[in-house]
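A structural walkthrough
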Amino acid sequence: MIQIPKIPCSTREQLLRSCPDIFPGIDRIVALYALKNGETGGEELLRNGQKHVYRDLVTEAFDRRLIGMADDQPGYVWLTREQLPFESGTPGQRQLDIFSEEQHVIMLLRIKHRDGMDFYYLFFREDQSNFGVSRLQGSLDTARKALLGSLVYRFTRLYYQSLEEHKKYLQQFTNVTKRLITGQSKGPVNSIPHLWLKQWTEDYLNELYEQTGINVRLTEAALEHLSTAPDYHCAKNGLEQAAQFALMMSAGDAESEVVIEAAYILLKPVSDDKTGTISTQVYVPGRRKEKTRQFLNRLEESALILSENAEDLTSSAVGQTMERPISAPAITDYLKKNKRQVLLLLEENPRQWPLIRQFFKPLINIVDKAQAVRQIS
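1. Some details on the nonpolar core
Val-216, Leu-218 and Ile-260 are the most contacted members of the largest nonpolar core, which totals 28 residues. Tallying contributions element by element places helix 6 (residues 232–250) first for this core, with 9 residues. Counting residues in each nonpolar core, the second largest holds 25 residues, with Ile-326, Ala-330, Leu-335 and Leu-343 among its members.

Okay, structure coming up:
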């Protein structure tokens, strides 16, 4: 009987079903898991004609071996069939040499997550028809395997990280929904001076606008509820979480303003949080890349004005020339926090933003560091 793992049971299944889209010629993928609480299990995707069939696996015969594998290091390795824990025969660690290289056509991915370890076995063919090109018959040599293994492992690890991030916001959504249903939007009488609290929240929301380009405001009920926080750290974390949730809920809408309702604010003492801290990075799925594009446009427009006046493109000058002026540290901070989107946009649009590409130091530094990391890799 297959036991349900603690992470969503659809996680491995979704990843398994996506593999044939990446490798149209692959015939078989096996996923095994060993959790910290002792649970084990497996799933499999098999080619059946032009389709792939998904099924569960019974792992009782090799559960002990699977539990022992949970201590392995994350990464990837190429195996032969004799090295598989779930195939008949005696597994062994055969020495890779020039004569056995062509037999190592099964890629094992070891992915560690908070509940344990997952193992993915991808059964490749000995030629390159795994990629859906029937005439591509060259063998999978060591260099190609190293590149393929690295890419697939990074993709899988990124998939898990993305899933964990979505689960956090799903939990936050669940908490807010419960508060709305049970009417727990409001708290007791204010415990923080209203004027002080209002000025503090306005400063925070102004900084948030500089990061995202989105106007966010608190309702009076939300401000009243925030005032019931027992201390500053609790209020700060509650406001940051509420802002993240409000931005996430508004993603994809055309509205010019995002509103934080009282029910969005969850006042949880920091000492009760197992992690001790809450990430302040704003999560805006779907809109973050577009907001980064708008920010680069604003930088370029300011740079053009300064260039026409023969002025240097310093961070301070560019920030003060913007339609809504921001400080030099705010520009640097925004570029660092959105580095991935910035680099992606620069690569996708090689002819855009010519001035800041060549003369704006904060952007040049990010590009240079990224190139240096690529060369080292």
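There is more to say, and it comes next.
2. Details of the packing of helix 7 (residues 288–308) against helix 9 (residues 328–337)
Interaxial distance between helix 7 and helix 9 falls to 11 Å at its minimum, and their mutual angle equals 145°. Between helix 7 and helix 9 lies a crossing whose hand is left-handed. Residue-level inspection shows Arg-288, Lys-291, Thr-292, Phe-295, Leu-296 and Leu-299 of helix 7 in contact with helix 9, the latter providing Ile-331, Tyr-334, Leu-335 and Lys-337.

3. Brief notes about the sheet that holds strand 5 (residues 106–113)
Pairing in this open sheet of 6 strands is antiparallel, and the strands run 3-2-1-6-5-4 from one edge to the other. The two strands at the open ends of the sheet, each matched to only one other strand, are strand 3 (51–57) and strand 4 (75–79). For this sheet, the mean angle separating the axes of adjacent strands, direction not counted, is 15°. As defined by bridge partners, strand 4 adjoins strand 5 across 5 bridges and the pair is classed as antiparallel.

4. Section: the pattern of salt bridges
Working definition: two side chains of opposite charge can pair if their charged atoms are close together. In the structure shown here, the tally under the stated rule is 7 salt bridges. As a salt-bridge pair, Asp-333 and Lys-337 come within 3.3 Å of each other at their nearest N and O atoms. Of this pair, Asp-333 and Lys-337 both sit in helix 9, 4 residues apart, which is roughly one turn of that helix. The class for Asp-333 is partly exposed, based on a relative accessible area of 31%. Here the residues in one salt-bridge network are Arg-28, Glu-44 and Arg-55, joined through shared partners.

5. Notes on the environment of Gly-41
Within the secondary structure, Gly-41 is located in strand 2 (residues 40–48). Residue Gly-41 is classed as buried on the basis of its relative accessible area, which comes to 0%. Sequence-wise, Gly-41 and Glu-60 are 19 residues apart; in three dimensions their C-alpha atoms are separated by 8.2 Å. In this structure Gly-41 touches Ala-31, Leu-32, Tyr-33, Thr-59 and Leu-66, once residues within four positions along its chain are discounted.

Rules used throughout
- Residues numbered from 1 in each chain as written.
- Predicted model: local features only at pLDDT ≥ 70, side-chain atom pairs only at ≥ 80, totals over all residues.
- Heavy atoms only, no water.
- Core = buried A, V, L, I, M, F, W, Y, C linked by side-chain atoms within 4.5 Å.
- Buried < 20%, exposed > 50% of the residue type's maximum accessible area, 1.4 Å probe, protein only.
- Helix = DSSP H or I, 4+ residues; strand = E, 2+ residues; numbered from the N terminus.
- Axes fitted to C-alpha atoms, helices over the stretch in contact; angles between N-to-C directions.
- Left-handed = near helix turned anticlockwise from the far one by under 90°.
- Contact = heavy atoms within 4.5 Å.
- Pairing = 2+ DSSP bridges.
- Salt bridge = Lys/Arg side-chain N within 4 Å of Asp/Glu carboxyl O.

Function cannot be read off these values alone, since they describe shape.
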